[in-house]
Amino acid sequence: MQMNTPRRSTMRLTRRGRFLLVVSGAALAGTAAVAVPLLTRESGHVEAKPPVLVVPEGWRANQIYDAVDRALGLPQGSTRKSLDKAALKLPKEAAGNPEGYLFPATYPVEKGATPESLLRFMVDTANKKFNGAPVAAGAQLNAVNVYQAVTIASIVQAEAATKADMGRVARVIFNRLQRGMPLQMDSTINYALNRNTVHTSLDDTRMESVYNSYQRMGLPPTPIDNPGEDAMRAAINPPPGDWLYFVTIRPGDTRFTADYSEHVRNVAEFNAAHQSSGQSQQPQQPSGSPQRLPATQPPR
């Protein structure tokens, strides 16, 4: 299901003297991450520090491009157009796509900053986080490479309802990969459709896309967002467990199981809860809800 990462908020003062609430730690729509000057008081005077750009965990690359444009006061689309000249140090598997490697953090926006310099800062930060021995060893232990581990972490970031659920979501992903089952995660479909929702229709699951993990086996070709450290830790060191299915019935109530019949009952409860709240008019397919399992892998 969709990520519901705990949010942290602070009040920042804008250049026009207005306070702005900046929320981090959640996959929010574009306007949350903006460059704002930090103020300090020294000897009774207000002194402005360089503004900062807050990039929350789980943001997609297109959200970050838009935020950089706003932070630098550039026309929309400027940062995206700068990718070719940014000389980003990305893995070969990325084929120039920085998705997954624009590391979530708070970045200073110094005088003279450019889209290229900010993107390089993010990618360099990701490389420092991801290229160390712990990540490489954890990825190898789970029979994946580092880029695949980042891809798994991005799904975990999008799917886990809480930080506590991240490890179990990662274990579901590995269990499905090991059993030759499709991942069937609605977050990958949301990425293809550039949306965020907990509802995935049957028509959605039949769409033609390399990111349709209901129809295609294995991992998507790239990460689907930019995961934070908690999601990465879950991806390289998931807890032991036999879970194959999960569904978040309501906030704080995510149910993991290895039993398909139990999962079907949980999905029915999910649909009933959302229909009663007026959020759904027809049965939905939450993540981890296969329409048809491979013949070689009957439900457990």
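This text follows the structure it describes.
Residues numbered from 1 in each chain as written. Predicted model: local features only at pLDDT ≥ 70, side-chain atom pairs only at ≥ 80, totals over all residues. Heavy atoms only, no water.

Moving on, we get to the overall build of the chain. Along its length, the chain carries 10 helices and eight strands. The buried share of the chain, reckoned over its 300 residues, is 52%. Long-range pairs, those at least 24 residues apart, make up 64% of the contacts in the chain with a sequence separation of at least 6. Element-wise, carbon and sulfur atoms account for 51% of the exposed surface of the chain, whose accessible area totals about 14,300 Å². (Helix = DSSP H or I, 4+ residues; strand = E, 2+ residues; numbered from the N terminus. Buried < 20%, exposed > 50% of the residue type's maximum accessible area, 1.4 Å probe, protein only. Contact = heavy atoms within 4.5 Å. Areas by Shrake-Rupley, 256 points an atom, 1.4 Å probe, with all protein chains shown as cover.)

Glancing now at the side chain of Glu-99. When you line up the elements, Glu-99 lands in the loop between α2 (78–81) and β6 (106–108). Lacking a salt bridge, the buried Glu-99 has Arg-60 as its closest oppositely charged neighbour, with an N-O distance of 6.4 Å. There is a polar contact of 2.7 Å between the side chain of Glu-99 and the side chain of Tyr-191. Excluding residues within four positions of it along the chain, Glu-99 makes contact with Trp-59, Arg-60, Ala-61, Tyr-191, Pro-223, Ile-224, Asp-225 and Asn-226. (Lys, Arg positive; Asp, Glu negative; His and termini not counted. Salt bridge = Lys/Arg side-chain N within 4 Å of Asp/Glu carboxyl O. Polar contact = N/O pair within 3.5 Å; in protein donor to acceptor, adjacent residues only side chain to side chain.)

Leu-53, Leu-102, Met-122, Val-156, Ile-173 and Met-232 are the most contacted members of the largest nonpolar core, which has 55 residues in total. Take this core: its biggest share by element is eight residues, from helix α5 (residues 146–159). Setting aside its immediate chain neighbours within four residues, Met-232 contacts Phe-130, Val-135, Val-146, Ala-149, Val-150 and Ala-153. (Core = buried A, V, L, I, M, F, W, Y, C linked by side-chain atoms within 4.5 Å.)

This structure, assessed with the given rule, holds 11 salt bridges. A salt bridge links Asp-165 to Arg-168; the nearest nitrogen and oxygen atoms lie 2.8 Å apart. Here Arg-168 falls in the partly exposed class, since its relative accessible area comes to 28%. Salt bridges sharing common partners tie together Arg-250, Asp-253, Arg-255 and Glu-269.

This next bit is on the pairing of strand β8 (residues 253–257). Of all five residues that make up β8, four are buried, and the element is covered over most of its length. Bridge analysis of strand β7 (residues 245–250) against β8 gives five bridges, and the strand direction is antiparallel. Note that in β8 the partner of Val-247 across the bridge is Arg-255. Between β7 and β8, which pair antiparallel in sequence order, lie two residues; one of them, Gly-252, sits at a positive phi of approximately 85 degrees. (Pairing = 2+ DSSP bridges.)

Let us now look at the side chain of Thr-248. Structurally, Thr-248 can be placed in strand β7. For Thr-248, a relative accessible area of 11% corresponds to the buried category.

Interaxial distance between α5 and helix α9 (residues 229–236) falls to 8 Å at its minimum, and their mutual angle equals 120 degrees. Taken together, the axis directions place α5 and α9 in an arrangement best described as oblique. As for how α5 packs across α9, the hand of that crossing is right-handed. Facing Val-146, Ala-149, Val-150, Ile-152, Ala-153, Val-156 and Gln-157 of α5, the residues of α9 in contact are Ala-231, Met-232, Ala-234, Ala-235 and Ile-236. (Axes fitted to C-alpha atoms, helices over the stretch in contact; angles between N-to-C directions. Parallel < 35°, antiparallel > 145°, perpendicular 65-115°, else oblique. Left-handed = near helix turned anticlockwise from the far one by under 90°.)

Looking at the element boundaries, Ala-149 is found in helix α5. Assessed through its relative accessible area of 1%, Ala-149 is described here as buried. It is 9.7 Å that separates the C-alpha atoms of Ala-149 and Ala-234, two residues lying 85 residues apart in sequence. Aside from chain neighbours lying at most four places away, what touches Ala-149 is Ala-139, Val-144, Met-232, Ala-235 and Ile-236.

The subject of this paragraph is the packing of aromatic side chains. Tallied over the full model, the rule gives eight aromatic pairs. Joined through ring pairs, the aromatic side chains of Tyr-101, Phe-103, Phe-130 and Tyr-147 make up one cluster. (Phe/Tyr/Trp six-rings, centres within 6.5 Å; stacked < 30°, edge-to-face > 60°.)

The quantities given are spatial measurements derived from coordinates; they are silent on function.
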